[in-house]
Amino acid sequence: MKKVPTTETVYLEVARLEEFLVIMIEIHGNRSEKTGMQKRADIRLIRSSFGTLMAFLALFMAFSMPAVGHPFAVLSADVVVHEDHLEMNLVATVEEFYYAFELPTNEYGDLISDDLRPIAKKYKEKIREELIITDVDGNRLEPDIYDMVPKSAASWEKLPESMEGEVLYKIRYPLALPPASLFFSHTFGGEKSLFPSVLKLDLTQVGWPRQERRLVGKTIVAEVNFDWLTEPPAGDSRSASELEKEETERLGIVSYGSIYAFLYVEPHEVRFEILAPLATVETWVPVKRKKPSVLEVEEQEAAKEDIFQFFARTNPVLIDGAEVLPVLSTLDFFDLDIRDFALRSEPRPVPLHIARMGLILRYPTRGIPDSLQITWELFSESVRDVRTTLFAQRETKQIILRPNEPVLSWTNTRKEPLPEIIPVSAPPLSVLSFPALGFSFLVLFSALVIGMFVSGVCNRTRVLSALVLLGLGVLSWPFARIEMSTPFSPSSSVSGEEARSVFSSLLTNVYRSFEYSEESDIYDSLDKSVGGELLADLYLKVRDGLEMQEQGGAVSRVREVLLEDGEILPKPEELTDDRAFGWRGTWTVEGTVEHWGHVHTRINRYSAEASVRPHDDGAWRIAGFLVTDQERVKFQTRIRKMD
């Protein structure tokens, strides 16, 4: 069913246009000779005119125009400026082709085309006409588009016809002289578009490590200045061929008008992550704000609860056949400058027409579920499909949810259990076992026999008593024994290699305990390797070390614990057991956090002094722990690959 906008929606769109034109007057006035009084007069004229037109436009549009959730596309360009030419790698999405040529689509929102090459070739003319680069004298640079390749596929026939497809244009602009300044603008998206396409421009002067990053639009001219007199630093030159990192930096999010969903099935939770244009979200949940086209920081905070409650009621999630309500993990708003949606940057106002919402919902579980089902209910004229990626244990697959296929189902076929924490057995103590009770009876028996022999009195009563004492001594010999250390046992029964093995196993157990989600389960697991008096302190230290603050404080999953080196130390004086020992060592911990279809890997190195002693149950436990040094060795972000 076609969705028709309400009069309120139309008023909002007209108000956005009004504010857009007011801002343009301000920008134009700043660059012209107009006085403040003249600019205010222009603004009053626009607002009075819009007041007259709003009612007429609202009634007309309400009966004639379908709702549009997010009518814009984003291009990106990497530019390297040389003294005699400019090299550009321009990436245009299929979404841009769709808006540029009003291409027909099928019921799933995919383009109706077997080969996008003619469309991409036709777009070359738009680049020549609508991408505007001028020098300080106003002379426009002429482009040489010398190559055109499908960036997201092996061939043109395999280029996705969905909005995720990309085409790379390699362009060279000759320069007569080293430019002092260049001015970048464009008219992509059409002269009459309320929300024209946005160009993300990354520009570098050859030889320099610095990089200008600008957002360029039809009315937003980016001016970039260059210094050709100062000697650039050696060994840091960049060229267009070195700019192929764009895909990694964008982390697979190539369509800014689409909704992306990521579903993670992990040992302690199911996590549903939704990345959607804010303009689309507003068609479901009205967002209150003072300025029609900008969402301020305090307004973002006020909108979070309404948005969360809306998504908590829609898109039901069944875990093992039962519907589970979500817990809000994260809800943030991003503009186009954000490359990594997991980074928690300082809140700032976001423009409505280019902003996106990042929502993470958590569904707590105890272990990996047996089955999972999610139904996407939010389809409309502007939401024709939802690109969903499922990450379940070692399985990765992509599913496009559509109105006729709105359900994603998953069944656990691997049944991988949570790790079992096995205590590390300590060697038995070298002891002397003394049969105190049996020995006492034998002493009494011996004393009675000697007495009879010395006194010469050997009657029936004494003989019977001696036999009873002898029988009691023999019968009680295995019982009521006293154990004590042998006087000739060594001061320590653990060698350096044995100590290394024990500490390494205990350390691995400690980190594996954090694969459990419930705090009680973590404590129970830690209790098998850590002394009770140290348990709470070590829990907090390890958890703090696993948190990635740059990823919003998410706790990383431990992938590897590697003991690099160490040495055995003398037994601490406070430990009385001769088997106890001290250890000074260094180890690395590799942990990962996954969000939004990419993986953050961090390796930290720690040095610490510890004491280890046997427990009453015969297992080794860490009794003391002092971190003496820690450092970050590596931090890397990569896109999660398909199976």
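Just above sits the structure.
What comes next concerns the included structure. Values in this document were obtained by computation on a predicted structure and should not be read as measured data.

## Let's talk about the overall build of the protein
Helix and strand content of the protein: 12 helices and 29 strands. Here the protein holds 643 residues, and 47% of them are scored as buried. Looking at the protein alone, contacts between residues at least 24 apart form 70% of all its contacts between residues at least 6 apart. Element-wise, carbon and sulfur atoms account for 55% of the exposed surface of the protein, whose accessible area totals about 32,200 Å².

## Some thoughts on the packing of aromatic side chains
Describing an aromatic ring pair means giving the distance of the ring centres and the angle of the ring planes. Tallied over the entire structure, the rule returns 17 aromatic pairs. Feature note: the residues Phe97, Phe101, Tyr123, Tyr169 and Phe188 constitute an aromatic cluster, connected by ring pairs. Here the basic side chain of Arg271 rests over the ring of Tyr264, its NZ or CZ set 4.5 Å away from the ring centre.

## Things to note about the pattern of salt bridges
This model, assessed by the stated rule, comprises 19 salt bridges. Measuring nitrogen to oxygen at the nearest pair gives 2.4 Å for the salt bridge that ties Arg584 to Glu567. With Arg584 in strand E27 (residues 581-595) and Glu567 in strand E26 (residues 557-569), this pair connects stretches of sequence that are 17 residues apart. Take Arg584: its relative accessible area is 36%, and that puts it in the partly exposed class. Overall, Glu567 belongs to the partly exposed group, its relative accessible area being 38%. Between Arg584 and Glu609 there is a salt bridge, with the nearest N and O atoms lying 3.1 Å from each other. Within this pair, whereas Arg584 is found in strand E27, its partner Glu609 is found in strand E28 (residues 598-614), the two being separated by 25 residues in sequence. Bridged by salt links that share partners, the residues Glu266, Glu269, Arg271, Glu273 and Arg362 form one connected network.

## Describing unusual backbone geometry
Not every positive phi belongs to a glycine, and Asn315 is a case in point at roughly 50°. Relative to the helices and strands, Asn315 is located in the loop between helix H7 (297-313) and strand E13 (317-319). Relative accessible area serves as the criterion here: at 2%, Asn315 is assigned to the buried category. Non-glycine residue Asp320 carries a positive phi angle of around 55°. Considering the arrangement of structural elements, one finds Asp320 in the loop between E13 and strand E14 (322-323).

## What about the sheet that holds strand E7 (residues 198-205)?
Strand order in the open sheet formed by six strands is E4-E5-E2-E1-E7-E8, and the pairing between neighbours is mixed. The open sheet has two edge strands with one neighbour each: strand E4 (144-150) and strand E8 (212-216). The sheet shows a mean angle of 20° between the axes of neighbouring strands, direction not considered. Pairing of strand E2 (residues 85-93) with strand E5 (residues 166-174) involves nine bridges; the strand directions are antiparallel. Residue pairing for E5: Met88 is matched across the bridge by Ile171. Lying on the sheet, helix H3 (residues 94-101) is in contact with strand E1 (74-81), E2 and E5; it crosses E2 at an angle near 80°. Sheet strands in contact with helix H4 (residues 117-130) are E1, E2, E4 and E5, and its direction is about 150° off that of E4.

## Quick word on helix H8 (residues 436-455)
With 20 residues, H8 should reach 28 Å at 1.5 Å per residue; the first-to-last C-alpha distance of 28 Å fits that figure. Residues of H8 that are buried: Ala436, Gly438, Phe441, Phe445 and Met452. A positive phi of about 75° marks Gly456, the residue just after H8.

## Some points on a nonpolar patch on the surface
A surface patch of nonpolar side chains, amounting to about 320 Å² of accessible area, comprises Val463, Leu467, Leu470 and Val474. You can see Val474 is positioned in helix H9 (residues 460-476). Assessed through its relative accessible area of 56%, Val474 is described here as exposed.

## Here's the deal with the side chain of Asn315
At a separation of 2.8 Å, a polar atom in the side chain of Asn315 contacts the main-chain amide nitrogen of Glu377. The contact partners of Asn315, leaving out residues within four places of it in the chain, are Ile374, Thr375, Trp376, Glu377 and Leu378.

## Thoughts on the packing of H3 against H4
Their axes nearest at 11 Å, the elements H3 and H4 cross at an angle of 70°. Here H4 runs roughly perpendicular to H3, going by the angle between their axes. Between H3 and H4 lies a crossing whose hand is left-handed. Contacts from Glu96, Phe97, Ala100 and Phe101 of H3 reach H4 at Ile119, Ala120, Lys122, Tyr123 and Lys126. A per-class count over the contact of H3 with H4 returns six nonpolar, no polar and three charged.

## Points about the side chain of Asp577
In this fold, Asp577 is placed in the loop between E26 and E27. At 2.8 Å, the side chain of Asp577 and the side chain of Arg579 are in polar contact.

## Considering the sheet that holds strand E21 (residues 407-411)
Taken in spatial order, the four strands line up as E14-E13-E18-E21 in an open sheet, and their pairing is antiparallel. Looking at the sheet topology across the chains shown, the edges are occupied by E14 and E21. The sheet contact formed by E13 and strand E18 (residues 371-375) spans three bridges and is antiparallel. Note that in E18 the partner of Leu318 across the bridge is Gln373.

## Side note on the pairing of strand E9 (residues 222-225)
Side-chain alternation along E9 places Ala222 and Val224 on a buried face and Glu223 and Asn225 on a face that remains uncovered. Looking at chain direction, strand E6 (residues 181-186) and E9 are connected through four bridges and run antiparallel. If you follow Phe183 over to E9, its bridge partner there is Glu223.

Rules used throughout
Going along each chain's sequence as written, the residues are numbered from 1 onward. Only residues with pLDDT of at least 70 are given local features in this predicted model, and only at 80 or more are side-chain atom pairs given and counted; all residues enter the totals for whole chains, interfaces and linings. Heavy atoms throughout the structure, all of them, feed into the side-chain values; hydrogens and water do not. Under the scheme used here, helices are H or I runs from DSSP no shorter than 4 residues and strands are E runs no shorter than 2 residues, and both carry numbers assigned from the N terminus. Between buried and exposed lies partly exposed: a residue is buried under 20% and exposed over 50% of the maximum accessible area for its type, with that area taken using a 1.4 Å probe on protein chains only. Working rule for contacts: check all heavy atoms of both residues, and any pair within 4.5 Å makes them a contact. All accessible-area figures derive from a Shrake-Rupley calculation using a 1.4 Å probe, and residue coverage is judged against the displayed protein chains alone. Each Phe, Tyr or Trp ring, with Trp reduced to its six-membered ring, pairs with another whose centre is within 6.5 Å; inter-plane angles below 30 degrees give stacked pairs, above 60 give edge-to-face pairs, and intermediate values give tilted ones. Only Lys NZ and Arg CZ are tested; either one counts as a charge over a ring when it is within 6 Å of the ring centre and within 35 degrees of the ring normal. Each salt bridge in this description consists of a side-chain nitrogen of Lys or Arg and a carboxyl oxygen of Asp or Glu lying within 4 Å of one another. The rule for pairing is simple: two strands pair if DSSP sees at least two bridges between them. In this description, a line fitted to the C-alpha atoms serves as the axis of each element, helices being fitted only across the stretch in contact, and the angle between N-to-C directions of two axes falls anywhere from 0 to 180 degrees. A helix is expected to span 1.5 Å for every residue after the first. Distance thresholds for patches are 9 Å for like charges and 5 Å for nonpolar side chains (Val, Leu, Ile, Met, Phe, Trp, Tyr), applied to residues having over 30% relative accessible area and no salt bridge. Polar contacts, as used here, are pairs of N or O atoms within 3.5 Å; protein pairs need one atom able to donate a hydrogen and one able to accept it. Residues neighboring in sequence count only if both atoms are side-chain atoms. Roughly parallel means an angle under 35 degrees; roughly antiparallel means over 145; roughly perpendicular covers 65 to 115; every other angle is labelled oblique. Helix crossings fall into two classes, left-handed where the near helix is turned counterclockwise from the far one by less than a right angle and right-handed where it is turned clockwise. All amino acids are sorted into three groups, where Ala, Val, Leu, Ile, Met, Phe, Trp, Tyr, Cys and Pro are nonpolar, Asp, Glu, Lys and Arg are charged, and the leftover types, Gly among them, are polar.

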